[in-house]
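Here is how the chains run, residue by residue.
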Amino acid sequence: MIHRRHFFKAAAGCATLSLIPTTGAVASAEPGPKVSEKKSSTPLPGESFSLALGGGAAKALAHIPVIEAFDDLGIELQVIAGTSMGAIIGGLYASGMTGKEIRAYSIDLFEKRRSLFKRLFTGGSSTWSSLLSFSNPAIIDSRSLFEAVLPDVLPNTFAELPIPLRIVATDFHAQSQVVISDGPLLPAIAASSALPVLLTPVKLKGRVLIDGGFVNPTPFDVLRDASRYTVAVDVTASQSPGDGTVPGPLDTWIGAFQITLHSLVAEKLKRETPDLLIRPNVSAFGALDFYRIDEILNASEPTKELVKRGIEKLLAAE
């Protein structure tokens, strides 16, 4: 039986800047709220940016400082692409939440456990029996989970989003990538995040869909021609060395999935790169460390300045 701590976890150094010759820049840091208006400022010259947010479970909470950097600069994104947890955070931002509001909501959800319990057991139409089903192909029903925990600001359809959104999922039977950009929003987010064994696959438009990380963990390539510049956030950094302890079955499965994500991104980067690649310093954290949200946000805080410096370099080269 999955330990209760794992169930709720699953329910969902110095900074450096370097340039990749001819292909782009890599910035790395390796060793229901009320929606308000995003901060506005004088538009930057020639700005036209899209943002790709990758999968990585709890590590993807590091996307939040990156989003806050765009708010600080007053840049309105042309398009957002997201995979798995990147689809969740990207969906919140595309819905109109600011980076600070996403930060506050996430801290409230994962740090204050009473809030999470309340949303799981009293939020939306979900019930304990709809969340857990041992007769289904996974322990947790994906749609019921996300209906319970995602804020009310999330609209029903892609068409209602202030910022266009592209969500990546995997077609289980066709063994191929599916990019969803229209129709109902919550099922698409649930599909992109449906990690097998833990979360049930989602049937959408005749396809059986699972976690998009199996085909495209950091989906900057689906933003080709979407804007002048593409910024991507990759949180598939290597795991920390650990203490030599043999992990349990769930940790082994999740860790193996993270290895797959990292390998896929590494191979894709050999062929093409985004204009700006951000890699937060999250290697010390596990994919299920949602309750270490404060530590993850603190560790990834330097990426905020890396984004700003990277964008300045891109614009200075115009």
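Residues numbered from 1 in each chain as written. Predicted model: local features only at pLDDT ≥ 70, side-chain atom pairs only at ≥ 80, totals over all residues. Heavy atoms only, no water.

Participant: I'd love a proper account of the packing of helix α7 (residues 142-149) against helix α8 (residues 185-192), names of residues and values included.
Facilitator: The geometry of α7 relative to α8 is characterised by a closest axis approach of 9 Å and an angle of 115° between their N-to-C directions. Read as a crossing pair, α7 and α8 show a hand that is right-handed. From α7, Ser-142, Arg-143, Phe-146 and Glu-147 reach across to α8, where they touch Leu-186, Pro-187 and Ala-190. (Axes fitted to C-alpha atoms, helices over the stretch in contact; angles between N-to-C directions. Helix = DSSP H or I, 4+ residues; strand = E, 2+ residues; numbered from the N terminus. Left-handed = near helix turned anticlockwise from the far one by under 90°. Contact = heavy atoms within 4.5 Å.)

Participant: Run through the pattern of salt bridges, naming residues and quoting values.
Facilitator: Per the stated rule, a full pass over the model turns up 14 salt bridges. Residues Arg-207 and Asp-171 are paired through a salt bridge, measuring 2.9 Å at the closest nitrogen-oxygen approach. Note that Arg-207 is positioned in strand β10 (residues 207-211) and Asp-171 in strand β6 (residues 165-171), a separation of 36 residues in sequence. The exposure class of Asp-171 is buried, given its relative accessible area of 7%. For Asp-221, the salt bridge identified is with Lys-268, shortest N-O distance 3.0 Å. Remark: Lys-268 occurs in helix α9 (residues 249-269) and Asp-221 occurs in the loop between β10 and β11 (229-233); sequence separation between them is 47 residues. Exposure remark for Asp-221: the relative accessible area of 15% places this residue in the buried category. Take Lys-268: its relative accessible area is 7%, and that puts it in the buried class. One salt-bridge network, held together by shared partners, links Glu-68, Arg-103, Glu-301 and Lys-304. (Salt bridge = Lys/Arg side-chain N within 4 Å of Asp/Glu carboxyl O. Buried < 20%, exposed > 50% of the residue type's maximum accessible area, 1.4 Å probe, protein only.)

Participant: Can you break down the pairing of strand β3 (residues 49-53) residue by residue, with the values?
Facilitator: Among the five residues that make up β3, five are buried, leaving the element largely enclosed by the rest of the structure. Neither face of β3 is exposed, since Phe-49, Leu-51 and Leu-53 on one face and Ser-50 and Ala-52 on the opposite face are all buried. As defined by bridge partners, β3 adjoins β11 across five bridges and the pair is classed as parallel. Across the sheet, Ala-52 pairs through a bridge with Ala-232, a residue of β11. Note that β3 and strand β4 (residues 80-83) share three bridges and pair parallel. Counterpart to Ala-52 in the pairing with β4 is Ala-81. Since β3 and β4 lie parallel, the crossover through helix α2 (residues 63-73) that links them has a hand, and here it is right-handed. (Pairing = 2+ DSSP bridges. Right-handed = clockwise from strand over helix to strand, strands pointing away.)

Participant: Before we move on, could you go through α2 and cite the residues and values that matter?
Facilitator: For α2, the buried fraction is high: ten of the eleven residues fall into the buried class. Turning to α2, its buried residues are His-63, Ile-64, Pro-65, Val-66, Ile-67, Glu-68, Ala-69, Phe-70, Asp-71 and Leu-73. Gly-74 sits one or two residues past α2 and shows a positive phi near 70°.

Participant: I'd like a rundown of the packing of aromatic side chains, residues and numbers included.
Facilitator: Following the criterion strictly, the structure yields three aromatic pairs and no others. Relative to Phe-70, the ring of Phe-49 has its centre 6.4 Å away and its plane inclined at 70°; by these criteria the two rings are edge-to-face. Separated by 21 residues along the polypeptide, Phe-49 in strand β3 and Phe-70 in helix α2 bring together distant segments of the chain. Residue classification places Phe-70 among the buried residues on the basis of a relative accessible area of 0%. (Phe/Tyr/Trp six-rings, centres within 6.5 Å; stacked < 30°, edge-to-face > 60°.)

Participant: Kindly report on the nonpolar core, identifying the contributing residues and their values.
Facilitator: Phe-49, Leu-51, Phe-70 and Ile-311 are the most contacted members of the largest nonpolar core, which totals 80 residues. At seven residues, helix α3 (residues 85-94) tops the list of elements feeding residues into this core. Judged by nonpolar contacts, the second largest core, of twelve residues, contains Ala-52, Phe-220, Val-222 and Ala-232. (Core = buried A, V, L, I, M, F, W, Y, C linked by side-chain atoms within 4.5 Å.)

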